[in-house]
Amino acid sequence: VFTMVGMPAEVEALYFGDGGIFSAPGKCRMVIDMTTSQFIQVSRQFCKSQRRDEKEILGKTAEPVGIVPADNALELKTKLLTDGYLEAKEVQTTKADGSNSLGLTSARQLDIDGRKCAVTAWQDITKLKRAEAALRAAHKRFDEAMAVIPVVIWWVTFDQGKATDAYISLEVDRILRLPEGTLRNDWDGLMARIHPEDIAHVQHEIALSFQHPGTNHQVEYRLQRADGTSAWIRTSGVGRLGPNGTIHGFGISEDITAQRLAAAEQERLAQQLQQSQKLESLGRLAGGIAHDFNNILTAILGNLDLVTMQLEPGDPRLARLREAHSAGRKAADLTRHLLALSRQKIIEPRVVDLNELVDNASRLLERLLGENIRLRKVLHANLWSVKVDPNQIEQVLINLAVNARDAMPNGGRLVIETTNLSLAAPLTEGVANLPAGDYVRISVTDTGMGMTAETLNKAFEPFFTTKAPGKGTGLGLSSIYGFVQQARGAVTMSSEVGKGTVVRIYLPRSDAHTE
């Protein structure tokens, strides 16, 4: 029994009786004379905790016994004298065997038999502190382990549909290019980064997990990065029912952006290959027909020439022969387009300066365009040479100018630009598949009505045209495609409705001098 002579019965009951302030199991009690700072009463529990005999403590102050460091003792005494109490202060003590322990001290200042005393309770928290330190170390090791796992580990508790507790590993900050720790354990912050177009989809999957706990759910969606770009995420998770209607969610989330991009690139390349094969097949078919048709035309035109030579000048039949001959020449031009598409046309390539060819063709182009369309040339001063058939280049410019004119019925501007270009990586765009290297690029830009994406995808197909019947053959762009293929180059086209069209032709650089 722990009692103090001279202590009023009601005070003793308050502090040391059953249910009293210092009667809790495991607590050690003591009374200290505030004037002398000597222990005047200690419990057996306290002596046992310090591994000291009662006689080693009674009548002595805390410092020489080693129970409290001197500076700590002065601080505690000053606070107790000032405030009249101490509340849950951590105090380090040195046991008889030299080992240290930590205690939680609470005290009240009381007058007992005319003496100012500190009635003190002390609880050993050494094991608790060690456990806390071990837990912190375990958390650190856990975080270090999570940091090297290339997926986000998470769990969350939902109470009435709201996230009340969550863990999110640091990998999420790396994926979203955020400072480390930005979204750690911040479930609402993570949800706020879901792409607006994907929010409904993700919410639907979360609702399903509430309705079917224990079932694994997988969802793919986008999260917005710090730089404004998006990361594709695949999340797999499962919900478990908890007490009082709560639901605990567990799962992993992985960055699949690279996989998505690779799949999109593979799909694009597959479509490009399909388009190239389609153009190749159509070109071969058209070339075969054109070759046979050209033989027939040669015979027809030759006979027309012979008949014309046999008639006298002024013969009324000459007019009809000339009309027939003109129609035959138009048919011959058509076969030339088809042969260019199939790459069967005989060409005469030589090393040329594209700037010179553009200059030479500009007068003809201005007449084609008319007065309400302004032609502008932007020619590179030191343009590399290319090896092409000059006649084909002229035909390409004419075809593009005619298309631009038809796209600008109310007038506009046509810009022809040449430049040198060194490709560090292959160019894969539209029907183009160009290896890295040095090229001369000629760009033809109009301010016309532009094309839809659907029309743009079909633009290079033979016989495809958006013009009225009789206004176009649909072979202009397809013959340009055939020409650049023969020249080991590439052609690309970009267009937007209401903003015009840009055609870019890439021709390999020639190191030879112009002829």
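Above this note sits the structure.
Described in the following lines is the structure provided in the data block.

Thresholds, definitions, all that
Residues numbered from 1 in each chain as written. Predicted model: local features only at pLDDT ≥ 70, side-chain atom pairs only at ≥ 80, totals over all residues. Heavy atoms only, no water. Core = buried A, V, L, I, M, F, W, Y, C linked by side-chain atoms within 4.5 Å. Buried < 20%, exposed > 50% of the residue type's maximum accessible area, 1.4 Å probe, protein only. Helix = DSSP H or I, 4+ residues; strand = E, 2+ residues; numbered from the N terminus. Contact = heavy atoms within 4.5 Å. Axes fitted to C-alpha atoms, helices over the stretch in contact; angles between N-to-C directions. Left-handed = near helix turned anticlockwise from the far one by under 90°. Nonpolar A, V, L, I, M, F, W, Y, C, P; charged D, E, K, R; others polar. Pairing = 2+ DSSP bridges. 1 Å grid on protein atoms, 1.4 Å probe; cavity = no way out; pocket = protein on both sides within 12 Å on 5 of 7 lines; lining within 4 Å. Points joined across faces, edges and corners; volume = space filled by probe spheres on them. Expected span 1.5 Å × (residues − 1).

1. Some thoughts on the nonpolar core
Stage number 1. Counting 40 residues, the largest nonpolar core has Leu-397 and Ile-505 as its most contacted members.
Stage number 2. Broken down by element, this core gets its largest block of residues, 7 residues, from helix α13 (residues 390–407).
Stage number 3. Discounting residues that sit within four places of it in the chain, Ile-505 has contacts with Val-396, Leu-400, Val-440, Arg-441, Ile-442, Ile-480, Val-484, Ala-490 and Val-491.
Stage number 4. One finds Leu-178, Leu-190, Ile-194 and Tyr-221 within the second-largest nonpolar core, a separate group that totals 20 residues.

2. Some remarks on the packing of helix α12 (residues 354–369) against α13
Stage number 1. At a minimum axis distance of 10 Å, the contact between α12 and α13 shows a crossing angle of 35°. Where α12 crosses over α13, the two elements pack in a sense that is right-handed. Across from Leu-354, Leu-357, Val-358, Ala-361, Leu-364, Leu-365, Leu-368 and Leu-369 in α12, the residues of α13 making contact are Pro-390, Ile-393, Leu-397, Ile-398, Ala-401, Val-402 and Arg-405.
Stage number 2. Broken down by class, the residue content of the contact of α12 with α13 amounts to 14 nonpolar, no polar and 1 charged.

3. Focus: the sheet that holds strand β3 (residues 85–94)
Stage number 1. The strand order across the open sheet formed by 5 strands is β2-β1-β5-β4-β3, and the pairing between neighbours is antiparallel. Both outer strands of the open sheet, β2 (39–42) and β3, are each paired with one neighbouring strand and no more. Strand-to-strand twist in this sheet, taken as the mean axis angle between neighbours without regard to direction, amounts to 30°.
Stage number 2. With 8 bridges joining them, β3 and strand β4 (residues 100–112) adopt antiparallel strand pairing. Residue pairing across strands places Glu-90 opposite Leu-104, the latter belonging to β4.
Stage number 3. Against the sheet, helix α6 (residues 126–147) touches β3, β4 and β5 (115–124), its axis set at about 135° to β4.

4. Concerning empty space enclosed by the protein
Over the atoms rolls a probe the size of a water molecule, and in doing so it shows where empty space is left.
Stage number 1. Evaluated as defined, the whole model comprises 3 cavities of 30 Å³ or more.
Stage number 2. The space that makes up the largest cavity amounts to roughly 380 Å³.
Stage number 3. What lines the largest cavity is a set of 29 residues, and nearest its centre among them are Trp-154, Trp-187, Ile-206, Thr-235 and Gly-237.
Stage number 4. Going through the elements one at a time, β6 (152–159), α7 (171–175), α8 (187–191), α9 (199–211), β8 (217–224), β9 (230–241) and β10 (247–255) are the ones with two or more residues in the lining of the largest cavity.
Stage number 5. Residue contributions to the lining of the largest cavity peak at 6 residues, all from β9.
Stage number 6. When its residues are assigned to classes, the lining of the largest cavity shows 19 nonpolar, 9 polar and 1 charged.

5. Points about the sheet that holds β8
Stage number 1. With antiparallel pairing, 5 strands are arranged side by side in an open sheet as β7-β6-β10-β9-β8. Here the strands that pair on one side only, and so sit at the sheet edges, are β7 (162–168) and β8. Sheet twist, expressed as the mean angle between neighbouring strand axes with direction ignored, is 30°.
Stage number 2. Here β8 pairs with β9 via 8 bridges, running antiparallel.

6. Let's talk about the pairing of β2
Stage number 1. Pairing of strand β1 (residues 28–33) with β2, which is carried by 3 bridges, proceeds in the antiparallel orientation. When the bridges of β2 are listed, Ile-32 appears paired with Phe-39.
Stage number 2. Linking β1 back to β2 in an antiparallel pair, the connection comprises 5 residues, with Ser-37 at a positive phi of about 65°.

7. Section: α6
Stage number 1. Under the 1.5 Å per step criterion, the end-to-end length of α6 is 31 Å for 22 residues, consistent within 8% with the ideal 32 Å.
Stage number 2. Taken as a whole, α6 has its buried residues at Thr-126, Asp-143 and Met-146.
Stage number 3. Next to the buried residues of α6 lie β4, β5, β6 and β7.

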